[in-house]
Amino acid sequence: MDSGYLTNPAVFLIQTLFGLYILIVMLRLLLQLARADFYNPVSQFIVKATHPLLRPLRRFIPPLGPLDTSSLLLAWALKSLEIFILLLILGVPLSPLIALLWAFPALIELGLNIYLFAILIQAILSWVNPDPYNPVMGLLNSLTRPVLEPFRRLMPDLGGIDLSPMAAIIAIYLLKMLLLPPLKAITGMPALF
C-alpha cells in the first residue's frame, strides 16, 4: 500500500482541525483589537470555544494594551504544533524551533486573509441589502471598520458607491505580495505551508 494513501488524509485532517481552531483564536484576537461587541452571538461562540485554552494562559500572560497577548501566543503555539505534526507525518526531520519560525509568516498570512475575506463577504452582502441587525453583519462591520476607514477618508464620494472595499482588497493583496515572500525566505519556510 502506498505511504501517501494514509499520509494525505492525515495531513488534510490535521490542517483542517488545527486551521479551524487557529482561525477562531485569531478572530478573537482581531475582534478584541477592533473592540467588537462581545455580546453578539457569534462573538459568544468564539469566546466559549477559545476560553478553555486561554483561561490558563491569562493567569501568566498579561495583555499589552489593547493586544491580547494570550490569544496571540496561543495561535502561535497551535500553528507551530500543527507545522511540527505535519513535518512528522511527512517524515521531514526538523527541530521544533523551525516550526516556531514557520508559524510566524503563516499567522501573518492568516490575519491578512481574514481581513481580505471579511471585506469581500461584507461587500457582497451589501449588494443584497442584508438585515443590519444580523449578528454576522455587525461582527463583519466591527472587524473591517479599522481597515476600511482610512480608505473611506481617501476615496472620493461617487454618489453612494463605496469603492473603499476594493481599494482595501488591493492594498491587502499588495501587502501579501510584498511582506510574505521575504518573511518566508528569511525563515526558510517551504511553499507547502
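For the structure itself, look to the data block above.
**Here's the deal with the packing of helix α4 (residues 96–127) against helix α6 (residues 164–187)**
Phase 1 of the analysis: Relative orientation of the contacting elements α4 and α6 amounts to 170°, with a least axis distance of 10 Å. The angle between α4 and α6 places the two elements in the roughly antiparallel class.
Phase 2 of the analysis: Partitioned by chemical class, the residues of the contact of α4 with α6 number 20 nonpolar, two polar and three charged.

**Some thoughts on unusual backbone geometry**
Peptide bonds are trans in most cases, and residues, glycine excluded, mostly fall at negative phi.
Phase 1 of the analysis: Backbone geometry places Arg 35, a non-glycine residue, at a positive phi of 55°.
Phase 2 of the analysis: Among the residues examined, Arg 35 registers a relative accessible area of 69% and is labelled exposed.

**Looking at the environment of Leu 67**
Phase 1 of the analysis: When you line up the elements, Leu 67 lands in the loop between α2 (41–60) and α3 (69–90).
Phase 2 of the analysis: Between the alpha carbons of Leu 67 and Leu 30 there is a distance of 8.9 Å; along the sequence they are 37 residues apart.
Phase 3 of the analysis: Look past the residues within four positions of Leu 67 in its chain and what remains in contact with it is Leu 29, Leu 33 and Leu 72.

**Quick word on the pattern of salt bridges**
Phase 1 of the analysis: Tallying each qualifying case throughout the model produces four salt bridges.
Phase 2 of the analysis: Of the charged contacts in the structure, one is a salt bridge between Glu 109 and Lys 184, with a shortest N-O distance of 3.3 Å. Taken together, the residues Glu 109 in helix α4 and Lys 184 in helix α6 connect sequence positions 75 residues apart.

**Brief notes about the environment of Leu 33**
Phase 1 of the analysis: As for its position among the elements, Leu 33 is in helix α1 (residues 4–33).
Phase 2 of the analysis: The exposure class assigned to Leu 33 is partly exposed, which follows from its relative accessible area of 37%.
Phase 3 of the analysis: Put simply, Leu 33 and Val 128 are 95 residues apart on the chain and 28 Å apart in space, counted from C-alpha to C-alpha.
Phase 4 of the analysis: Once residues lying within four places of it in the same chain are set aside, the contact partners of Leu 33 are Pro 66 and Leu 67.

**A word on the environment of Gln 122**
Phase 1 of the analysis: Along the chain, Gln 122 falls in helix α4.
Phase 2 of the analysis: Judged by relative accessible area, which is 10%, Gln 122 ranks as buried.
Phase 3 of the analysis: Placed 47 residues apart in sequence, Gln 122 and Ile 169 show a C-alpha to C-alpha distance of 12 Å.
Phase 4 of the analysis: Not counting chain neighbours up to four residues away, the residues in contact with Gln 122 comprise Met 137, Leu 140, Asn 141, Thr 144 and Leu 148.
Phase 5 of the analysis: A polar contact is formed between the side chain of Gln 122 and the side chain of Thr 144, at a distance of 2.5 Å.

Parameters at a glance
Residues numbered from 1 in each chain as written. Predicted model: local features only at pLDDT ≥ 70, side-chain atom pairs only at ≥ 80, totals over all residues. Heavy atoms only, no water. Axes fitted to C-alpha atoms, helices over the stretch in contact; angles between N-to-C directions. Helix = DSSP H or I, 4+ residues; strand = E, 2+ residues; numbered from the N terminus. Parallel < 35°, antiparallel > 145°, perpendicular 65-115°, else oblique. Nonpolar A, V, L, I, M, F, W, Y, C, P; charged D, E, K, R; others polar. Buried < 20%, exposed > 50% of the residue type's maximum accessible area, 1.4 Å probe, protein only. Contact = heavy atoms within 4.5 Å. Salt bridge = Lys/Arg side-chain N within 4 Å of Asp/Glu carboxyl O. Polar contact = N/O pair within 3.5 Å; in protein donor to acceptor, adjacent residues only side chain to side chain.

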